[in-house]
Every structure is written in structure tokens, then in C-alpha cells.
Amino acid sequence: MGGGATRLYNALTRALSSSSPLPLPSSHQPVDTNLDPAFSQEQEASPVCPLDPEELLRQCEEALRDRQPRLHRKFTRLNDGASAPSSPIRVMQWNILAQALGEGLDSFVQCPPEALSWSRRKYLILEEILTYRPHILCLQEVDHYYDTLQPVLAGLGYRSSFCPKPWSPCLDVEGNNGPDGCALFVDQSRYECLDSVNIRLSAMRIPTNQVAVVMMLHCRSTGKCVCVAVTHLKARSGWEWLRSTQGSDLLRHLQNLVQKHSDDPAAAPGSNIPLIICGDFNAVPTEEVYHRFTASPLGLDSAYKKLSPDGLTEPEYTTWKIRPTGECCSTLDYIWYSHDTLRVDAVLDMPTEEQIGPNRLPSFSYPSDHLSLVCDFSFK
């Protein structure tokens, strides 16, 4: 192994071998993060030695050389008659499965315990990210932000912000790595961050356990702005009303933030600011929160409908797992975008049932029970 590769391997090993979690409050008392910039755990990408993404990907593949073949997915290209975008925006949305939940609470009865070990999953997660290399990366159930994802992705040039859940269920698992939450990573070579806020979502003015991270970004090549949000709404059936209210609260915050920057000529001269909202909504397309987003005055549409023949139907599934209560195959994850100001140029397709396999997700081939969503956008 040459000197450069050795340095990279050592940097990766240091970043990924840490098993000491960052000291965090042991209390489950909620922290009010509602638009509180002081709560935003932002990190600038300032590594001692930048990492080579191609070499890092090879290191991940080498660490996983004994695994089953990874899921083979292709991009569906749209707008064939249109010219190629001069400054495409690649966005990845992914619930990566919190380590403490995967090993301690989620009970994936068909998944071998060794497939859920962090020593294996961290390479699978990084491999997925490095394969598609998004400019904007939106993650949920992140509980290894400080010791793995932030340092490694900072080495690749990403600026990031992390917002933990006030009462993370991960804290109830013995040996946990701290609370899980939402994280937003942005390629600093492409975007300048003008504003960043962490939001604790409310229902009827009462703070809940769900959060969102929002960044106002300035595209360095086009000079245009785009507002990006990542969230993770309340899980489980019976909580549809809460998801709907949380979604409305997020839309209200986004409308206020966009209005604030639209009124600032230095941030977005004379233009409407597009929105990209990613998340695990824990809601199927028939739920009220989905309809609230489609009917929003912000002019939103769901990018993954582009995979359907009629352009109106969501995929059959974005998550597929087997728990003691039975098999769950449904669409819960979305990438919403402003259809008047952004164009969808490509969408990463979904793997087939045969590719996923009879034991479903997660597996030795794939680290999460949710599939990643990846879209290429361009400014209209």
C-alpha cells in the first residue's frame, strides 16, 4: 500500500474505530430546540488531511469483501429532450437505522445479529453514500454522528448540522452511543450556508419529540438559493393526527424562513427560493400529512412519483422489514421539492423483491430497513 493510501487508511481507521461516545446528558429532559441557533450542532469541514472519496470507497469495499452482492440500482433519467443541467443538485434521503435501535429495540427477526454490528454497518453506510456522492445528504436515526459520520464526511468536504431528539429511544438501550436525530450534510465546494436552524416540531403549540434541520444554501456556481430541510416524524399507527400536525408546523417554519430570505436582496435577488424537504414521514401516501404537503401553498411535489408510468403514484415501498408483529412493506420516505422552480432530472430506482431477498431488510448486503432515495435536480 502506497504512502497516500496508507495515510487514508489510517485516517479512516481512526475515524471508524472510535468506540467512545461523546459525553452527553444522561437525562431524558427535553431541550427546546425550536428555531434556537445555539442548539444547532454545526460543524465546518476542516480536516487535517482531506480524504479521497474514490480511495475511501475502495477501502469500504475491501472491508466488505466477504459480503453478499450489494443491491444493484440504476438511475431513471428524465427530460431526455432537455439539455443537461449545468449545475445539477444531487440529493440523498436516508433513514440509516440507529445502531442502538437495530441491535436493541427493533427486533428484525430474520436478520442475523452479526449483520447488525456497527463494525460492519458503518462500512455499508459509507459505501452507500460514497457510491452516489450526493451534494446534499439528509439522514435520520443518526446516533454515530460525532464519532463516525461527521469526521469522515468532513474529510470529504461536507459541512453538517445535527439535531438529536429530546427523548431519544436509543438512550434506553444499554451501551448506547447517545441519542439519535436528524443530520444534514452539504458539499461546501458547491454550496455556501447562509442560515441554519434546528427545529423542535410542535403539535398544537406543544413541543414534541420530533425534530428537523433546515439550511438556507447559496449555490456557488449559479448564485441561486435553495432551502433544504430534513425531518423524521412520529412513528407507528394511531399517531396519524400527530404526524399531520408536525408536518403543518414544519411547513409553517419553512414558509417563514423562505419569506425572510426572499425579502433579503443580498441572499436571493428577485427570485422565489426553491424548497427541498427530505424525511422519513412514517406516513403512507393516503395519510393526511401527505395531503397537507401536496396541497401546501409552497407548491410541493414528491420526486419519487416520477418513477411511476403516470407520474402520480409513489413507489410500492421505501422500507421492507420483518418484525415479530409481521412483515411491513410500505412507502414512508419522501423527497419533496418546489415544482415551479426545480426540475427532476434523474431518480434512483428501487430494488426488486428478488434483489432484496426473502429475509428483507436490513441484511448482510444492506445496513438499514429503509432504502436510500437519490434524486438529481436542476434549477428551472
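Participant: Teacher, can you tell me more about empty space enclosed by the protein here?
Facilitator: It is the rolling of a water-molecule-sized probe over the atoms that shows where space remains empty. Scanning the model with the defined rule gives 2 cavities of 30 Å³ or more in all. Counted as a void, the second largest cavity has a volume near 50 Å³. If you trace the second largest cavity, you find it lined by Arg70, Leu71, Arg73, Leu124, Glu127, Glu128, Tyr132, Ser365, Tyr366 and Pro367. Grouping the constituent residues of the lining of the second largest cavity by class yields 5 nonpolar, 1 polar and 4 charged.

Participant: Could you clarify how one ought to interpret the packing of helix α4 (residues 118-132) against helix α5 (residues 145-155) in this entry?
Facilitator: Packed helix pairs are specified by the crossing angle of their axes together with the interaxial distance, meaning the distance between the axes. It is at 12 Å that the axes of α4 and α5 come closest, and there the two elements cross at 35°. Helix-helix and strand crossings are classified by hand; for α4 and α5 the assignment is right-handed. Contacts from Trp118, Ile125, Leu126 and Ile129 in α4 reach Thr148, Leu149, Val152 and Leu153 in α5. Among the residues making up the contact of α4 with α5, the classes are represented as 7 nonpolar, 1 polar and no charged.

Participant: Sorry if this is basic, but what is going on with a nonpolar patch on the surface here?
Facilitator: Together, Met204, Trp239 and Trp241 line one region of the surface with nonpolar side chains, adding up to about 360 Å² of accessible area. Tracing the backbone through its elements, the reader meets Met204 in the loop between β7 (191-203) and β8 (206-219).

Participant: Before we go on, may I ask you to explain the layout of surface pockets in this structure?
Facilitator: Reported here for the largest pocket is a volume of approximately 840 Å³. Taken together, 41 residues line the largest pocket, and the ones lying closest to its centre are Lys234, Ala235, Arg236, Asn282 and Arg323. Counting residues per element, the ones that place at least two in the lining of the largest pocket are β8, α6 (240-262), β12 (319-323) and β13 (326-330). Ranked by residue count, the leading element in the lining of the largest pocket is β8, at 5 residues. Taken together, the residues of the lining of the largest pocket sort by class into 18 nonpolar, 11 polar and 12 charged.

Participant: Help me understand the packing of aromatic side chains in this model?
Facilitator: The description of two aromatic rings rests on the distance between their centres and on the angle between their planes. The tally for this structure, following the rule as stated, stands at 16 aromatic pairs. Summarising the aromatic geometry, the rings of Phe281 and Tyr334 are spaced 5.7 Å apart at their centres and angled 90° between planes, so their arrangement reads as edge-to-face. Placement of Phe281 in the loop between β10 (275-280) and α7 (288-294) and of Tyr334 in strand β14 (residues 333-338) is noted, with a sequence separation of 53 residues between them. For Tyr334, a relative accessible area of 2% puts it in the buried group. One aromatic cluster is present, built from ring pairs that chain together Phe281, Tyr290, Phe293, Tyr334 and Trp336. Residue placement shows Arg200 over the ring face of Trp167; its charged tip is 5.2 Å from the ring centre. When the ring centre of Trp239 is taken as reference, the NZ or CZ atom of Lys234 above it lies at 5.0 Å.

About the thresholds
Starting from 1, residues in each chain are numbered consecutively following that chain's sequence as written. Restriction of local features to residues with pLDDT of at least 70 applies here, the model being predicted, together with a cutoff of 80 or more for giving and counting side-chain atom pairs; totals for whole chains, interfaces and linings are based on all residues. As a rule here, side-chain values come from all non-hydrogen atoms in the structure, and water together with hydrogens is ignored. Here a cavity means grid points, on a 1 Å grid over the protein atoms only, where a 1.4 Å probe fits yet cannot get out; a pocket means an open set of points with protein on both sides within 12 Å along at least five of seven lines; lining residues are those with an atom within 4 Å of a point. Grid points are joined across faces, edges and corners, and a volume is the space filled by probe spheres set on the points. Residue polarity follows a fixed list, in which Ala, Val, Leu, Ile, Met, Phe, Trp, Tyr, Cys and Pro are nonpolar, Asp, Glu, Lys and Arg are charged, and the others, Gly among them, are polar. Whenever a helix is involved, its axis is fitted only over the stretch in contact; in every case the axis is a line through C-alpha atoms, and angles between N-to-C directions fall within 0 to 180 degrees. Numbering of helices and strands starts at the N terminus; helices are DSSP runs of H or I of at least 4 residues and strands are runs of E of at least 2. Helix crossings get a hand from a simple test, with the near helix turned counterclockwise from the far one by less than a right angle marking a left-handed crossing and a clockwise turn marking a right-handed one. Residue contacts follow a heavy-atom distance rule, with two residues in contact if any of their heavy atoms lie within 4.5 Å. Residues enter patches when they are more than 30% accessible in relative terms and free of salt bridges; like-charged ones are connected within 9 Å and nonpolar ones (Val, Leu, Ile, Met, Phe, Trp, Tyr) within 5 Å. All accessible-area figures derive from a Shrake-Rupley calculation using a 1.4 Å probe, and residue coverage is judged against the displayed protein chains alone. Whenever a carboxyl oxygen of Asp or Glu lies within 4 Å of a side-chain nitrogen of Lys or Arg, that contact is scored as a salt bridge. We call Phe, Tyr and Trp rings a pair once their centres come within 6.5 Å, taking the six-membered ring for Trp, and we label the pair stacked below 30 degrees between planes, edge-to-face above 60, and tilted otherwise. Burial status follows relative accessibility: with a 1.4 Å probe on protein chains alone, a residue under 20% of its type maximum counts as buried, one over 50% as exposed, and anything between as partly exposed. Whether a charge sits over a ring comes down to the Lys NZ or Arg CZ being within 6 Å of the ring centre and within 35 degrees of the ring normal.

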